[in-house]
Amino acid sequence: MRRLLAIARKDLLLMVRYPLLAVSRVVEPIAWLTPVYFLGRAFSRGADAVGFAAWTGTGDYMAFVVVGWILSSYVSAVLWGMGFALKTEMDAGVLESNWLAPQPPALLLVGRTLASVLFTTVTSAGFAALAVLLFGISIPGRLLPAVTIVLPVVVGLYGLGFLMAGSVLRMRDANTLIDIGNYVLGLLSGRDYPVSILPRPLIVLSLLLPLTYGYDGLRAALLGTRPLVPLPAEIGLAVLFMVATVAIGVWGFGRLERRCRIEGTLAQH
């Protein structure tokens, strides 16, 4: 824990040195979602999106989208925190020397995400408050079930982060890999819309992604939308997702990292 907190403290100091970064993390989603707000109003009857409510169980389409973006910010924090941290150390030429320290490389990766997750929590709260003020959304749901499903989902994301970090080690290209992975996850798991509107082959893929149930369960708890399966079942799936992905991710990262050591490619970038 001392090692993890030391890494997180170092990263947090870097973030504090650039306060405009926090402002951009709050304002940028608002800029992206403003066209969505006006487009949705154009297809709404009064203040209620009747067609959207028929698909989801709620007419507040902006609250639906905002909740999805908040959870997706944690997805980005973990994937970029692990994958891009490795690329930064490769470019600086310190990856091998850092990994010679007496701790497993996985611990270094987890430490690099702690400050990012904390930073994301603060900026997401600011983003949600600004969205309530500007878009007039309402999030009246139950906080405890929401936290119950979000915590295992965020922990489970570390498994995906380990796999992403191992792939960055092998391919030595963080930006393209993380951008594509982040985009495809959001597309298939229903970040911006209910997955029930997808074509049937994509619905099958979506239902195989545990992150889909994270988005769906969080909205059911906070907004009262109709869940794909009962909420307790979605919480159980989130816990299974956490255990399975972390185990697979650590195993996969270990295999890829060991292959890079054998080939002597850790210092390449």
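Shown above is the structure to which this text applies.
Residues numbered from 1 in each chain as written. Predicted model: local features only at pLDDT ≥ 70, side-chain atom pairs only at ≥ 80, totals over all residues. Heavy atoms only, no water.

Caption draft 1: The arrangement of empty space enclosed by the protein in detail. For the structure shown, the criterion picks out one cavity of 30 Å³ or more. For the largest cavity, the calculated volume is near 30 Å³. As for the largest cavity, its lining consists of Ala 85, Leu 86, Glu 89, Trp 99, Leu 108, Leu 109 and Arg 112. Of all the secondary-structure elements, those providing two or more residues to the lining of the largest cavity are helix H4 (61-92) and helix H6 (105-135). Here the lining of the largest cavity is composed, by residue class, of five nonpolar, no polar and two charged. (1 Å grid on protein atoms, 1.4 Å probe; cavity = no way out; pocket = protein on both sides within 12 Å on 5 of 7 lines; lining within 4 Å. Points joined across faces, edges and corners; volume = space filled by probe spheres on them. Helix = DSSP H or I, 4+ residues; strand = E, 2+ residues; numbered from the N terminus. Nonpolar A, V, L, I, M, F, W, Y, C, P; charged D, E, K, R; others polar.)

Caption draft 2: Just the environment of Leu 21, in detail. Locating Leu 21 in the fold gives a position in helix H2 (residues 19-42). Note on Leu 21: relative accessible area 37%, which makes it partly exposed. Along the primary structure Leu 21 and Thr 123 are separated by 102 residues, whereas in three dimensions their C-alpha atoms are 9.8 Å apart. (Buried < 20%, exposed > 50% of the residue type's maximum accessible area, 1.4 Å probe, protein only.)

Caption draft 3: How the structure looks around the packing of aromatic side chains. Inspection of the entire model under this criterion finds four aromatic pairs. Members of the aromatic cluster, each reached through a chain of ring pairs, are Tyr 37, Phe 38 and Phe 135. Over the face of the ring belonging to Trp 69 we find Arg 191, whose NZ or CZ atom lies 5.1 Å from the ring centre. Just above the ring of Phe 64 sits the side chain of Arg 219; from NZ or CZ to the centre is 3.8 Å. (Phe/Tyr/Trp six-rings, centres within 6.5 Å; stacked < 30°, edge-to-face > 60°. Lys NZ or Arg CZ within 6 Å of the ring centre and 35° of its normal.)

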